[in-house]
Amino acid sequence: MPIGVLYAVAAYSIYSCGDAIIKGFGQTLSVFEIGFFIALFSLIPALFVKPKGERWRDSFKLRHPALVHLRSFSGVASSTLVTFAFVTIPFAETYSLVFLMPLFITAMSVLLLKERVHAVRWAMLLAGFIGVMLVVRPGFRELELGHLAALGCAFFGATTTTVLRVVASDEKRVSLIALPALYLLVANAVLMAPTFVIPNWQQFALLLVSGSFIGMGHILLIAATRNAPASQVAPVQYVQIIWAIALGAYFYAEHPDWIAYIGLAVVILSGLVNVFIDGARARIAGRFAEYRARPGPKTNITEVQGPEI
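Now for a quick tour of the structure. (Residues numbered from 1 in each chain as written. Predicted model: local features only at pLDDT ≥ 70, side-chain atom pairs only at ≥ 80, totals over all residues. Heavy atoms only, no water.)

**Things to note about the nonpolar core**
For soluble globular proteins, nonpolar side chains are generally found buried alongside one another.
Line of reasoning, step 1. In this structure, Ile34, Phe91, Leu207, Tyr238 and Ile241 are the most contacted members of the largest nonpolar core, which totals 52 residues.
Line of reasoning, step 2. Considering each element in turn, this core owes the most residues, seven residues, to helix H1 (residues 3–24).
Line of reasoning, step 3. If we skip the residues at most four places from it in the chain, Phe91 touches Ser16, Asp19, Ala20, Lys23, Phe86, Ala244, Leu247, Gly248 and Glu254. (Core = buried A, V, L, I, M, F, W, Y, C linked by side-chain atoms within 4.5 Å. Buried < 20%, exposed > 50% of the residue type's maximum accessible area, 1.4 Å probe, protein only. Helix = DSSP H or I, 4+ residues; strand = E, 2+ residues; numbered from the N terminus. Contact = heavy atoms within 4.5 Å.)

**Some details on the environment of Tyr183**
Line of reasoning, step 1. With respect to the helices and strands, Tyr183 occurs in helix H8 (residues 173–192).
Line of reasoning, step 2. Separated by 114 residues in sequence, Tyr183 and His69 have C-alpha atoms that sit 8.7 Å apart.
Line of reasoning, step 3. Ignoring sequence-local partners within four residues, the contact set of Tyr183 consists of His69, Ser72, Phe73 and Val76.
Line of reasoning, step 4. Polar contacts involving the side chain of Tyr183 include one to the side chain of His69, which spans 2.9 Å. (Polar contact = N/O pair within 3.5 Å; in protein donor to acceptor, adjacent residues only side chain to side chain.)

**Considerations on the packing of aromatic side chains**
Line of reasoning, step 1. Across all of its chains, the model carries 15 aromatic pairs by this definition.
Line of reasoning, step 2. Seen from their ring centres, Phe73 and Phe156 are 6.4 Å apart, and the 85 degrees between their planes marks the pair as edge-to-face. Residue Phe73 is located in helix H3 (residues 65–88), and its partner Phe156 is located in helix H7 (residues 145–167); the two are separated by 83 residues in the primary sequence.
Line of reasoning, step 3. When the ring of Tyr95 is compared with that of Phe99, the centres are 6.2 Å apart and the planes differ by 15 degrees; the resulting orientation is stacked. With respect to burial, Tyr95 and Phe99 carry one shared label: buried.
Line of reasoning, step 4. Clustering of aromatic rings is evident, with ring pairs tying together Phe86, Phe91, Tyr95, Phe99 and Tyr238. (Phe/Tyr/Trp six-rings, centres within 6.5 Å; stacked < 30°, edge-to-face > 60°.)

**Points about helix H9 (residues 201–227)**
Line of reasoning, step 1. With 27 residues, H9 should cover 39 Å at 1.5 Å per step; its first-to-last C-alpha distance of 39 Å lies within 8% of that length.
Line of reasoning, step 2. All of the buried residues in H9 are Gln203, Leu207, Ser210, Gly211, Ser212, Ile214, Gly215, Gly217, Ala223 and Ala224.
Line of reasoning, step 3. Its side-chain oxygen at 3.1 Å from the backbone nitrogen of Gln202, Asn200 defines the N-terminal cap of H9. (Expected span 1.5 Å × (residues − 1).)

By themselves these figures say nothing about function.
Structure, rendered in structure tokens:
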């Protein structure tokens, strides 16, 4: 197994453990206070991985200021909404709704970035949506604000990803790290002030552990993408659903019924098919690019044009 895949397994597992700790706070602290301390403590690991050749004081030297600030705002919205979802609805249901993010990302790539999307991808995204509906089952059970919050998290998370695809090649990495963190800290500090409660030492320790876990997850995920192709790293994300079922059952007595298990399986399988299709198409494109670079006549029109990506 490639070392990058192992890094990804560790990253997504640590993310899930950090999220499980957040869920344990319930209503004892406001979501803004939880968000503030998590954002603060997640910066601790990041201090040791500053990109070489870049300086933190250059974080505000932006080429696309409006888009970078939009990404930072959407990051705050996504983080706050998922925290609210964690403390109000079952763990597995939160993850299943958040995993609608690829559907929003695909729609945004078509509408905003004018990208072409293969019919098979749309079919798999539709299957994933059906899987989520089997987990949540609107109309057959009462939906809570936490379900809407998780859905909102998927939308704003997709916005963050879409904007990042536009600006990542032009902006300094310190800007893409520091500004979202600054937004999280300032926004949560302001919003938590009216109801601020000083955490006791146990809560403070748990916030420290959870924030550090999420910060370490970021570092491990970066290491994963540097040591393995995206087509191998992306499927590992679905290990979070397995962790959600296990942690939710063990710590919070949350036990999905058999229909929910079917829905979760559909979400995982549709996501994996999408990833593997992308990987296969990328490999085919690479082979055609290699073929076109070789001297000699092309005898087949498909070999001249290459596959439609």
